[in-house]
Amino acid sequence: MRVVVDLARCQGYGQCVFLAPEVFSMDGEEALFYDLGPDEAQRTKVLRAAAACPVQALQVEGKDVEPGRASHDEAREDRAADRGSDRVFLRSGRVVVVGASLAGLRGAEMLRAEGFEGSLTVIGDEPYEPYDRPPLSKQVLAGRIPADGTALPRLRDIAATWRLGTAATGLDMMAKRVLLADGQEVPFDRLLIATGVRARPWPDEDEAALEGVISVRTRDDGARLRELVAAGPRRVLIIGAGFAGSEAASVCRSLGLPVTVVEAGDAPLVGALGSVVGRIAAGLQREHGVDLRCGVTVTSLDGDPAGRLRRAHLSDGSVLDVDVAVAALGGIRNVEWLRGSGLAAGVWGVACDAGCRAFDVNGLVTDDVFVAGDVARAPHPLFGYEFLALEHWGNAVAEAEIAAHNMVHAETGRWPHLAVPEFWSSQFGVNIKSVGVPSLADEVVVTQGSVESRRFVAAYGFQGRIIGAVSFDHALWLDFYKDLIEEAAPFPPAFPMVGGDGMRATPAGFPAPSVPTHDATVVVTGHEPSERRAAYVRQRRDASPTPLRAFRQAQPRKPG
């Protein structure tokens, strides 16, 4: 049996822990841990837990649980009139999904739920069926579950042809074909791009090849890192204190390992939450024994003659004896295979409209190419139509379902993706959640709770309105703040809150784009004129629709 919990939706009620304690457990006040592949003997308890969850956050394989959604079969009949010219496509069309990921799987499932009966091909560069990535830096690293126990539950049969272990290398938009690394081509009528993000490696190739230097993004990464920490290293070095790095540090400390975290910014999580909340996160790390060094970078890594990592040199002149170095340097969007395709793909991802339809390089919406998940960047009306690129679990699911729905519906029946971004992380026994786009803010204020007790909510403001909120073990309140964001409520909030510590609004302290911090998780792309530039590309008269202009986004951030 496979189980997955939408932890952005989970609010820590603990009903699952009460009803199925062999599968679910709490770490601290609100952070939930669970077994993704419990024994079949636990099915009855797990199903009861899924039914009792007040926010319907549990998804169980073999049980069509799609919270708050009416029966797709019934909805299919209701929407039949909308399909018009799509009926032939529904019966005999060809859909290709590039990306055997969470977004790819949920998009494929949604296509079948919407009544698509044609051929469905899923292409993935890894040899594994879609798996859940967040547990790799938590349950897998802690040794609670094996890396191969992270496969995502199937919510319905998708009857797909799987092309796993073969990367897509190109896209021919005119011929409607996906080119594969093995030289084969896969034709399509409609395409869903869900290729996601890969880890940014340590930039020195020789040092990156040392035994003990590793990133955490893939299932193989997770398995290897678990082996390294289980061997009892002298010290673990975490390079980058974004969410991934901070979570890895948390687990390593829980295993009793000496940990040093090196962050180029002035605090952990500064790219996502700003320095005011980042300093609170810094206190949390130090209270748990992390040797946290901010404003410092790693300048080089040394190995022994056998090729094993032995030392790290820092920019402050210090030298650390380490056996494991986790490069938590953020992600790189997997768009290289789209080079020359004519799609608007760059370092921030593939641009698309709010209905997940991809733009070409001229800014025209394509009819048959859709994008979902971490690789997509789309405008959001709540945030001034800025293009947002989100590395969020819940966003990947929602965007994939909307893309799949819009693939099979005529224009009048299509859905926009307007959900307010949500994100979660658990580290050092604290459940951290955010809603909205904190990284867009210019000010922040703690509105309720206590910073000293690490249980509080901070609201973020931009030009006099609330645009985000972050909670530390106060997740129950975030729906309230989501409503305020949707209402464009004034900032700072005018109402008194229970437990507020009287803090006044203060600059949020987000670093300039040139500062190499990591894991913002919500990236407002291209909103600064200095972050992009245009170059004129002459169009050949005998060529088919080549771009008139090519936009080049800001260079990727340098690792710290």
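Heads up: the structure comes first, above all this text.
Since this is a predicted model, take the numbers as computed values, not measurements.

Please explain the sheet that holds strand β20 (residues 324–327) as it appears in this structure.
For sheets, the rule is that strands pair by backbone hydrogen bonds, running either parallel or antiparallel. One open sheet accounts for five strands, arranged β13-β20-β14-β15-β16; its pairing is parallel. At either end of the open sheet lies a strand with only one pairing partner, and these are β13 (213–214) and β16 (291–294).

Sorry, what's going on with the environment of Val 251 here?
Mapped onto the elements of the fold, Val 251 is located in helix α10 (residues 243–254). Each C-alpha atom, one on Val 251 and one on Lys 138, is 6.4 Å from the other, the two residues being 113 residues apart in sequence. Ignoring sequence-local partners within four residues, the contact set of Val 251 consists of Ser 137, Lys 138, Leu 141 and Ala 142.

Help me understand a nonpolar patch on the surface, please; the structure alone is not making it clear to me.
Together, Tyr 13, Leu 476, Trp 477, Phe 480 and Phe 495 make up an exposed nonpolar region whose accessible area comes to about 470 Å². Within the secondary structure, Phe 495 is located in the loop between α13 (478–486) and β33 (506–507).

Where do I start with the packing of helix α6 (residues 102–113) against helix α12 (residues 393–407) in this structure?
To describe two helices that pack against each other, one gives the angle between their axes and the distance between the axes. Where α6 meets α12, the closest approach of the two axes is 8 Å, and the angle between their N-to-C directions is 35 degrees. Crossing handedness for the pair α6 and α12: right-handed. Note on element contacts: α12 touches α6 through Trp 393, Ala 396, Val 397, Ala 400, Glu 401, Ala 404, His 405 and Met 407, opposite Leu 102, Ala 103, Arg 106, Gly 107, Met 110 and Leu 111. Here the contact of α6 with α12 is built from residues that sort into 10 nonpolar, two polar and two charged.

Looking at this structure, how should I read the sheet that holds strand β8 (residues 168–172)?
Ordered in space as β8-β9-β10, the three strands form an open sheet in which the pairing is antiparallel. One side of each edge strand has no neighbouring strand; the edge strands of this open sheet are β8 and β10 (185–187). Put simply, the sheet's adjacent strands are angled 25 degrees from each other on average, direction ignored. Pairing analysis gives three bridges linking strand β9 (residues 177–180) to β10, with the strands arranged antiparallel.

So, how was this worked out
Residues numbered from 1 in each chain as written. Predicted model: local features only at pLDDT ≥ 70, side-chain atom pairs only at ≥ 80, totals over all residues. Heavy atoms only, no water. Pairing = 2+ DSSP bridges. Helix = DSSP H or I, 4+ residues; strand = E, 2+ residues; numbered from the N terminus. Contact = heavy atoms within 4.5 Å. Patch = residues over 30% accessible without salt bridge, like charges linked within 9 Å, V, L, I, M, F, W, Y side chains within 5 Å. Areas by Shrake-Rupley, 256 points an atom, 1.4 Å probe, with all protein chains shown as cover. Salt bridge = Lys/Arg side-chain N within 4 Å of Asp/Glu carboxyl O. Axes fitted to C-alpha atoms, helices over the stretch in contact; angles between N-to-C directions. Left-handed = near helix turned anticlockwise from the far one by under 90°. Nonpolar A, V, L, I, M, F, W, Y, C, P; charged D, E, K, R; others polar.

Functional significance is not addressed by these values, which are geometric in nature.
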